[in-house]
Amino acid sequence: MPSLLTAVKSKMFIAAHRKARGMLDGEYASVFRGHSLDFDDLRAYVPGDAVRDIDWKASARVGAPLIKRYVATRRQQVLFVADTGRNMAALAKGGESKKDIAVMVIGVIGTLALNHGDSVSLIHGDERGTQAMPAQGTESHLETLLRRVDSTAVLTAGQSSLSAQLEYAASHVKRHTLMVVLADDEQINARSAKVLRRLAAQHEILWIHIEDAELAGVDALAGVSYDVADFSPVLSALAGDPELARDYAYAVAERSNRRSEVLRSNRIAMAGIGHTEQVMGRIFALLERHRRAR
Amino acid sequence: MIMVVLLVWRRTHKANTAVPVAHADRLTSLPRYQKALAAQKKWLAVAVASLLLMAGALLVAAARPVQETNHIPQTSNRDIILCLDVSGSMMDTDEEIVDNFSELVTEFKGERIALTIFDATAVQVFPLTDDYDFVAEQLKIAKNAMNIDSGNFDFFDGTYEVPGSSLIGDGLASCVSGFPQEAGVQRSRSVVFATDNMLAGHPLLTLPEAASLAKTGHIRVYSLNPNDYSTDSYPDQIATELKVASESTGGAYYPLKSDSAVKSIVKKVQDTEAAKLKGAPLKTVVDQPAVPLGLAMLGLLGLGAATLKVRP
């Protein structure tokens with residue numbers, strides 16, 4: 001089996017040139033609120049660095065913005081909480097399998113984390129159970145995580161039940177992490193909302209939902225489809241009726257609004273991704289939003 | 001052929017490979033989707049029903065349904081000659097017969113009727129005709145003349161040209177010769193012969209001779225005799241002769257017990273005639289494609305409508 005991480009990296013390379021990748025690094029670095037107090041040295045500002053880290057006096061002397069670096073910055077941990085139920089084996093908005101996008105997201109953020117010397121861990125599962133992978137800072141470990149997600153999110157997996165994974169994280173993870181939630185395009189139910197409130201206090205949370213294939217409207221899926229929830233056929237051809245398409249668009253917007261409402265109330269930044277080509281841009285925007293939200 | 005079918009099947013099968021989607025309830029829970037789904041199901045059912053109807057109807061049509069009718073040849077192509085003995089003893093019976101036929105003639109369609117009266121000699125009052133207005137008029141005149149209160153005997157002019165009375169054989173022969181010599185169309189011929197066979201005089205032809213004449217012309221003689229005095233133990237000689245003569249022609253003999261019985265006797269004569277006239281029933285077979293083809297058309301229309309309504 002070819003390396004999933006190599007594939008992700010090559011996509012990253014294609015999607016963004018060096019400077020943009022550097023910006024992404026800066027955005028990632030500013031995610032964590034905590035700094036040690038021991039000043040190490042200064043380095044040149046790269047876009048994406050937190051403005052509060054700029055050493056204004058030094059910058060004034062040099063004539064270019066400089067960033068304060070601190071020693072012994074604590075090794076951070078990135079925790080991916082991924083839904084690997086069969087919903088993730090369904091088609092995404094862009095026509096790919098949703099888990100392919102999830103793998104890409106984990107690969108990109110995981111690479112950023114490894115570049116910063118941070119470790120990555122994974123909590124995933126479906127309604128049948130939740131599994132956890134320990135935190136390690138190696139590429140081979142990240143590759144293992146990617147393969148785990150890729151191999152478990154299949155059509156024979158159980159129903160998606162992200163709230164179970166969130167509850168698992170709430171009860172098992174004791175330290176402060178950057179928690180990246182890879183969610184299905186689902187509603188956030190009361191159970192999830194409750195555990196999210198708790199998690200938001202402990203962690204930096206980035207909520208990424210993989211957008212589902214459209215069933216009506218201009219981007220609608222052509223051909224016959226079936227619902228992974230109960231494997232019943234979906235006659236998306238019926239949505240050729242403009243009135244039904246309008247109802248559908250309204251219902252989808254309604255769902256999206258409700259999700260945004262819950263996440264915003266917990267001050268969680270979120271992004272929807274429908275295609276692997278969108279991953280880089282959306283992650284950058286998400287990190288940006290997360291930094292500004294503080 | 002099989003290859004083509006396989007290819008088409010594979011292609012449709014491939015096109016039908018469904019893709020998995022999550023949260024289809026975004027669409028399927030919408031009331032309008034449910035409604036559209038119900039409509040889809042309904043029209044699919046219509047399509048299937050139409051197809052079945054069309055197939056069934058075409059199958060029936062292909063079997064060529066026919067309507068079979070048994071047709072009995074018309075009884076109206078017959079000729080009747082009323083042959084009435086107008087001797088004094090027969091007047092009441094004659095009046096009754098004429099009255100009955102003037103009623104019957106209103107129901108005739110295509111039958112021809114003639115009236116001949118005889119005593120010593122025979123007189124044809126009117127020849128065979130289907131001009132029923134004329135017949136009714138003539139029968140009315142005859143009825144009036146035969147009424148016992150009538151003092152006018154002009155109607156009977158020409159019946160006493162030779163000595164004698166009730167020259168039965170001559171009378172019947174005259175009546176029988178009243179049928180035209182038609183070669184082509186075969187019409188049934190009957191004579192309603194009212195007489196008491198009370199011969200007085202010397203006829204040119206005896207009754208059996210006249211009867212054989214009728215028989216040669218395929219004419220049936222139905223005799224009505226008001227003065228039959230036979231009992232079970234003692235047969236009336238004169239009446240028996242009339243009976244034998246009538247039956248020899250294929251007709252029948254009816255003794256009249258009273259004049260009011262004429263109606264039933266005339267009816268009996270008509271029924272006998274009708275029964276005799278009944279030929280072998282003809283079977284007519286007519287194709288009936290209208291109903292199955294109409295149903296097939298209906299099925300086609302249903303299928304067309306469903307095809308328009310059902311989304312692929």
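This one's a predicted model, so the numbers in the text were calculated from it and none came from an experiment. (Residues numbered from 1 in each chain as written. Chains lettered and ligands numbered in written order. Predicted model: local features only at pLDDT ≥ 70, side-chain atom pairs only at ≥ 80, totals over all residues. Heavy atoms only, no water.)

Trainee: Describe the packing of aromatic side chains, and please don't skip the residues or the numbers.
Mentor: As enumerated under the stated definition, the model contains four aromatic pairs over all chains in all. Ring centres of Y226 of chain A and F231 of chain A lie 5.9 Å apart, and the angle between their planes is 35°; on these two criteria the pair is classed as tilted. Taken together, a centroid distance of 5.8 Å and an interplanar angle of 20° make the contact between F118 of chain B and F193 of chain B stacked. On the criterion of sequence distance, the pair formed by F118 of chain B in strand β4 (residues 112-118) and F193 of chain B in strand β6 (residues 188-194) is long-range, its members being 75 residues apart. Considered together, F118 of chain B and F193 of chain B belong to a single accessibility category, that of buried residues. (Phe/Tyr/Trp six-rings, centres within 6.5 Å; stacked < 30°, edge-to-face > 60°. Helix = DSSP H or I, 4+ residues; strand = E, 2+ residues; numbered from the N terminus. Buried < 20%, exposed > 50% of the residue type's maximum accessible area, 1.4 Å probe, protein only.)

Trainee: An account of a negative patch on the surface is needed here, citing residue identities and associated values.
Mentor: All names here are of chain B. A contiguous patch of negative charge on the surface is contributed by D130, D131, D133 and E137. Note that D130 resides in the loop between β5 (122-129) and α5 (132-146). For D130, a relative accessible area of 45% gives the class partly exposed. (Patch = residues over 30% accessible without salt bridge, like charges linked within 9 Å, V, L, I, M, F, W, Y side chains within 5 Å. Areas by Shrake-Rupley, 256 points an atom, 1.4 Å probe, with all protein chains shown as cover. Salt bridge = Lys/Arg side-chain N within 4 Å of Asp/Glu carboxyl O. Lys, Arg positive; Asp, Glu negative; His and termini not counted. Charge placed at Lys NZ, Arg CZ, Asp CG, Glu CD.)

Trainee: An account of the pattern of salt bridges is needed here, citing residue identities and associated values.
Mentor: Residues and elements named next belong to chain A. According to the stated counting rule, one finds 15 salt bridges over all chains in the structure shown. Residue E143 pairs with R147 through a salt bridge whose shortest N-O separation is 2.8 Å. In this pair, E143 and R147 are both assigned in helix α5 (residues 139-152), four residues apart and thus about one turn of the helix distant. Each member of the salt-bridge network shares a partner with another, and the members are K93, E211 and E214.

Trainee: Explain α5 of chain A to me, using residue names and the numbers behind them.
Mentor: A rise of 1.5 Å per residue sets the reference length of α5 of chain A, with its 14 residues, at 20 Å; its end C-alpha atoms lie 20 Å apart and thus fit the reference within 8%. Every buried residue of α5 of chain A is accounted for by H141, L142, E143, L145, L146, V149 and D150 of chain A. (Expected span 1.5 Å × (residues − 1).)

Trainee: Could you give me a rundown of a nonpolar patch on the surface, with the residues and numbers involved?
Mentor: All names here are of chain B. Side chains of L53, V291, L295 and L298 sit close together on the surface and give an oily, nonpolar patch of about 340 Å² of accessible area. In terms of residues, the nonpolar patch owes the most to one element, helix α10 (residues 290-309), which gives three residues. You can see L298 is positioned in helix α10. What makes L298 exposed here is its relative accessible area of 51%.

Trainee: Explain the side chain of T177 of chain A to me, and be specific about the residues and the numbers.
Mentor: Position of T177 of chain A relative to the elements: it lies in the loop between α6 (162-172) and β6 (178-183). A polar side-chain atom of T177 of chain A sits 2.8 Å from a polar atom in the side chain of H203 of chain A. (Polar contact = N/O pair within 3.5 Å; in protein donor to acceptor, adjacent residues only side chain to side chain.)

Trainee: Can you break down the interface of chain B and chain A residue by residue, with the values?
Mentor: On the chain A side, the residues contacting the 21 residues of chain B number 35 residues. When chain B packs against chain A, the two sides together hide about 2,500 Å² of surface, and 66% of this comes from carbon and sulfur. Inspection of the region where chain B meets chain A yields three salt bridges. Among the ionic pairs, R32 of chain B bridges to E243 of chain A, the shortest N-O distance being 2.9 Å. The interface formed by chain B and chain A holds 10 residue pairs in polar contact (both at pLDDT 80 or more) in total. Looking at the side of chain B that touches chain A, the elements that each hand over two or more residues are β1 (19-21), α2 (25-28) and α3 (31-62) of chain B. With five residues, α3 of chain B is the single largest residue contributor to the side of chain B that touches chain A. Split by residue class, the side of chain B that touches chain A holds 12 nonpolar, five polar and four charged. (Contact = heavy atoms within 4.5 Å. Buried area = accessible area lost by both parts, 1.4 Å probe. Nonpolar A, V, L, I, M, F, W, Y, C, P; charged D, E, K, R; others polar.)

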